Amino acid sequence: MATQIPFDRNFEPPYGVVERLAPGLRRIVARNPGPFTFRGTATFIVGEGNVAVIDPGPNLPDHVSALLAGLGQETVSHILVTHTHLDHSPAAAALKDATGAQTYGFGPHGRGPDGIEAGGDADFSPDVTLHDGDVVEGSGWRLEALHTPGHTSNHLAFAWPDRKILFPGDLVMGWSTSVVSPPDGNMGDYLSSLDRMLNRDDEIYWPTHGGPIRDPKPFIEAFIDHRRDREDEILACLRDGKEFISDMVPVIYANVPPAVHGAAARSLLAALIYLVETGRVRCDGVIHEESRFSLP
């Protein structure tokens, strides 16, 4: 029986409005809804008066203008980026120009043999490089950077330990699983990042897409079980003679709209790479979407 993930898609945020979520925490959602962004990208404001902005979002002038209007005379001291997809980091440049704040992130987007993947932000490079465990702080807040690769190689989550809050970016979302797309996305890294989250004591997640996750651990466990279920489905396909990703997608993703079958194929490729690396599947030659896979 397939793992049931307790998704909550009851999320209808107002666009262009800075909402107060809790003392010292606000959010504004960009008007960029879509199959991979849900209702849009959430930009978080941490602190009061002297603030950090997490994930400034896509390069949409209306979003940047609304964010700046909501900040008013407050000082932005840090612009934090969880990762460099086009819905997360491009607005950092406009926010930096308007405020003078430095940008912080793990590094530029990873490059594969064919360069940067579609959807990657080729222009972002942080002013300040954050490593795992690095801390940034301001008046009334202190955030710790956690390197959580998998969705992208440069993915960070930001923990607010004093409040037991985690900003997981796209690592864990309440409305959908995350796409893991090689070569920059890596399924083994993704599963390791999820395992790491299980050992933390965060009480609430504020993802960059969708609403909060108020009971994270059962959710993460379901995500891990879901990925293991997917591995079992791939192995079943191979036993049935379906040796190509193009043969597996219609079977495994029969209930998923065809519009996202391309992303589904990328996730299957990530899972197959991981299965090859762990010795459970064989592939002769370089692994890609048109490779032929088999059982050892």
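Please refer to the structure placed before this passage.
Rules and cut-offs
- Residues numbered from 1 in each chain as written.
- Predicted model: local features only at pLDDT ≥ 70, side-chain atom pairs only at ≥ 80, totals over all residues.
- Heavy atoms only, no water.
- Axes fitted to C-alpha atoms, helices over the stretch in contact; angles between N-to-C directions.
- Helix = DSSP H or I, 4+ residues; strand = E, 2+ residues; numbered from the N terminus.
- Parallel < 35°, antiparallel > 145°, perpendicular 65-115°, else oblique.
- Left-handed = near helix turned anticlockwise from the far one by under 90°.
- Contact = heavy atoms within 4.5 Å.
- Nonpolar A, V, L, I, M, F, W, Y, C, P; charged D, E, K, R; others polar.
- Pairing = 2+ DSSP bridges.
- Phe/Tyr/Trp six-rings, centres within 6.5 Å; stacked < 30°, edge-to-face > 60°.
- Buried < 20%, exposed > 50% of the residue type's maximum accessible area, 1.4 Å probe, protein only.
- Lys NZ or Arg CZ within 6 Å of the ring centre and 35° of its normal.

## Comments concerning the packing of helix α5 (residues 245-252) against helix α6 (residues 261-277)
It is the contact of α5 with α6, at a shortest axis distance of 10 Å, that shows an interaxial angle of 115°. Overall, the two elements α5 and α6 adopt an arrangement that is roughly perpendicular. Crossing geometry of α5 relative to α6 is assigned as right-handed. Counted together, Ile-245, Met-248, Val-249 and Ile-252 of α5 and His-261, Ala-265, Leu-268, Leu-269 and Leu-272 of α6 form the full contact between these two elements. Here the residues of the contact of α5 with α6 sort into eight nonpolar, one polar and no charged.

## Thoughts on the sheet that holds strand β8 (residues 135-138)
Across the sheet, five strands lie side by side as β8-β9-β10-β11-β12; this open sheet has mixed pairing. The sheet is open, and its two borders are formed by β8 and β12 (204-205), each paired with just one other strand.

## Some details on the packing of aromatic side chains
This structure, assessed with the given rule, holds seven aromatic pairs. Centre to centre, the rings of Phe-7 and Phe-223 are 6.4 Å apart; their planes meet at 70°, and the pair counts as edge-to-face. Within this pair, whereas Phe-7 is found in the segment before β1 (19-22), its partner Phe-223 is found in helix α4 (residues 216-239), the two being separated by 216 residues in sequence. The class for Phe-7 is partly exposed, based on a relative accessible area of 28%. With centroids separated by 5.3 Å and ring planes inclined at 55°, the aromatic side chains of Phe-44 and Phe-167 adopt a geometry described as tilted. Of the two residues, Phe-44 sits in strand β3 (residues 42-46) while Phe-167 sits in strand β11 (residues 165-167), which places them 123 residues apart along the sequence. In terms of burial, Phe-44 and Phe-167 fall into one category: buried. Taken together, the aromatic side chains of Phe-7, Phe-219 and Phe-223 make up a single cluster linked through ring pairs. Across the ring face of Trp-160, the terminal group of Arg-163 is positioned such that the distance to the ring centre comes to 4.4 Å.

## Details of the sheet that holds strand β2 (residues 25-29)
As summarised here, the arrangement of the seven strands in space is β1-β2-β3-β4-β5-β6-β7, forming an open sheet in which the pairing is mixed. Looking at strand neighbours, the two that pair on one side only are β1 and β7 (128-129), the edges of this open sheet. Pairing between β2 and β3: five bridges, direction antiparallel. Looking at β3, one finds that Val-29 is bridged to Ala-42. The strands touched by helix α1 (residues 61-71) are β2, β3, β4 (50-54) and β5 (75-80); relative to β2, the strand with the most contacts, the crossing angle is about 155°. Each of β4, β5 and β6 (102-105) touches helix α2 (residues 92-99); the most contacted strand, β5, lies at about 155° to it.

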